[in-house]
Structure formats: C-alpha cells, structure tokens
Amino acid sequence: MLLCCGEALIDMLPRQTTADEAAFAPYAGGAVFNTAIAAGRLGVKTSFFSGLSTDLFGEILANTLAASKVDATYAARSARPTTLAFVKLVNGQATYAFYDENTAGRLLSIDDLPTLPAEISTLFFGGISLVNDPAASAYAALQAREAPTRVTMIDPNIRPSFITDQAAYRSRMNAMVAYADIIKISDEDLHWLEGAGDLTTLAHGLLARGPKLVFLTEGASGARAITATQNRFVAGQKVTVADTVGAGDTFNAGALAALNTANALNKTALQSLPDATLDAALSLGNRAAAITVSRPGANPPWAHEL
C-alpha cells in the first residue's frame, strides 16, 4: 500500500460566469493530494495522511478522496480552516497565491503522526507541506521514522514565493533527500535546489547522498530515470494543453503505479532496476500526465483511460 503524506487544499481556479464576470471556482487539489487521487485512480491501493479540515472545503477534499478510492483513515481531522490556493494562469502555466495561516494542514504536528501497519510499503512526501512548521517538521519526522524499513519518495514541487526561510527549507530538504529512496524533481526545481549545471550531473549529486533513483521531468519534452549506472529517457506525449495543474503530481502516481506493478517498491528491488522497469515507469508517468494537462484543473485519469 502507498501512503501519500502532505497537503490537501482547494485550488481556486479562474473562470468566467455566464454574465462574463471574472470568478474563481473551487477544485480539490494540493500536490500530494493530487498524487494520492491519481494513484487511486490508476489502481494502486492508496491511503492519505494530512491535516484535513471538517469545514465545507474539507468535505470536498474527503469526498474526492473517497470517490478516487483513496482511504483517509490516517488523516488528522480538525475544525481549522482548509488551505486555499488562488491560481493565475498565463499561457496555460500556473502561478499561485496561498492562504495557509492557522489551517488544518499547516498546524499538523508530530503528535498527529499515525502508527502504520505493515501493509504500507511506500510513503510519498512533497509539495508546500514541506515548507512551514509545524507540519513540515512533522512530515520530516515521519519520513525519518519510517525510512529504515519502508520505501520513501519525495517530490519537492517547489513554490519559491511560498518559502520565507530558504535556509531552513534547504536544510530540511537535504535531510529528506538523504532518507529518500526515490526522488522526483523537475528540471526547474533541480536548478533551484542545486544551482546551475548539467542536469544529469546535478541528479547524480542527489544520488550520492543516498537515494537509488531520480525521476527528472523536463516539461513537455519528457522525463528521465537516473540511477548510479542508468540514464533512461522517454519522450512526452504531444497534447493540446488546457493547463499544467497537477501534471507533475500525476507523473508521480504513474511512475509509482508502474513500479508497484513490477514489484519494485521495496528496498532490495530498488538497488538494481532493469531498464524495462524504468522505461515503463517513465512511460506511464508521461501518459497519465498528458491526460491531466489536456483538461482543466488537476483531474488525473483512471486506468481505463490509458
């Protein structure tokens, strides 16, 4: 079983009313939430852990999880408000304004960490949930606690405008990279974290800290799977883009689903993955993400759509 650990929020997406007025419509979202529902829709047995509100937006999130076959048993429910992210789209590219103070997700604490059953083999972390305390430290503590015996994967999914203390954030990310077995990172995020330079060289720098596999996404061109001895590339699919909301999150789910099918989500298998397994992970990640970007908002595909 996969446990996705991180933010659940409401994306307020720009729309036009029937009177041609500018408006925002609420859609369930959040990077880790999107990965969870995408994995559930692709047939991976998935659970979700986050601070989840009992307000009306929290009910939207809980109902969306259930509809995508994701179990929310481990979520820490509270009456605190739900995080809102107002989205601005320019040529299909999304930028965000977050409203996150004193929310159910932001105030998640170490005391809320669940005891996990043996059936959970893999934990996924990422997104803005790794930026601000107390939630960020709680997720980092959960990864550190579980990493010795379970596979952990992280996707920083960096939102620079959301990071107010870069030094603390970089320190946390460095520690989480060292614990992780798998990292998914975009080319832009890799440069933000590691600076200028050749992308493959920078990815090998991450591998040198402990991970066994780096998925490097390169926008519409495609994605790479990089290990100590391999550099596999699968081109992206050409589609008409509605927007890019949820693209990387869906790639995560597709890659994890393929690794799960190959029985590769364990520490022994990750030591030496066949080229065919890496190619399958890249292919499913790309194909799933292509469907997501072809329709508005984060609306990942179901397995039958692939």
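Refer to the structure above for everything that follows.
Note that this is a predicted model, so its numbers are computed, not measured. (Residues numbered from 1 in each chain as written. Predicted model: local features only at pLDDT ≥ 70, side-chain atom pairs only at ≥ 80, totals over all residues. Heavy atoms only, no water.)

Visitor: Give a detailed account of the packing of aromatic side chains, specifying residues and quantitative values.
Guide: Scanning all chains against the criterion turns up 7 aromatic pairs. A ring pair is formed by F86 and Y99, whose centres lie 5.6 Å apart and whose planes are at 80 degrees; its orientation type is edge-to-face. A residue pair is termed long-range when its members are at least 10 positions apart, and F86 in strand β8 (residues 84–90) and Y99 in strand β9 (residues 93–99) qualify at 13 residues. Aromatic pair F215 and F251: ring centres 5.9 Å apart, planes at 75 degrees, arrangement edge-to-face. Remark: F251 occurs in helix α7 (residues 247–261) and F215 occurs in strand β13 (residues 213–217); sequence separation between them is 36 residues. F215 gets classed as buried once you look at its relative accessible area, which sits at 0%. Owing to a relative accessible area of 2%, F251 belongs among the buried residues under this scheme. (Phe/Tyr/Trp six-rings, centres within 6.5 Å; stacked < 30°, edge-to-face > 60°. Helix = DSSP H or I, 4+ residues; strand = E, 2+ residues; numbered from the N terminus. Buried < 20%, exposed > 50% of the residue type's maximum accessible area, 1.4 Å probe, protein only.)

Visitor: Describe the pattern of salt bridges, with residues and values.
Guide: With the rule as written, the count across this model stands at 14 salt bridges. Its salt-bridge partner being R145, residue E146 comes within 2.7 Å of it at the nearest N-O pair. Ionic pairing is found between R232 and D279, a salt bridge with its closest N-O pair at 2.8 Å. With R232 in strand β15 (residues 231–235) and D279 in helix α8 (residues 275–293), this pair connects stretches of sequence that are 47 residues apart. Three or more residues are tied together by salt bridges with common partners; here these are D100, E101 and R106. (Salt bridge = Lys/Arg side-chain N within 4 Å of Asp/Glu carboxyl O.)

Visitor: Explain the side chain of D155 residue by residue, including any values.
Guide: Residue position: D155 is located in strand β11 (residues 151–155). For D155, a relative accessible area of 4% puts it in the buried group. Ignoring any residue separated from it by four or fewer positions in sequence, one finds D155 in contact with F124, F125, G126, G127, K184, I185 and N252. (Contact = heavy atoms within 4.5 Å.)

Visitor: Can you explain the environment of P117? Please cite residues and give values.
Guide: Mapped onto the secondary structure, P117 falls in the loop between β9 and β10 (122–126). On the basis of relative accessibility, which here comes to 26%, the residue P117 falls in the partly exposed class. Sequence separation between P117 and M1 is 116 residues, and the spatial gap between their C-alpha atoms is 9.7 Å. If near-sequence neighbours (up to four positions away) are discounted, P117 is found in contact with Y74 and R150.

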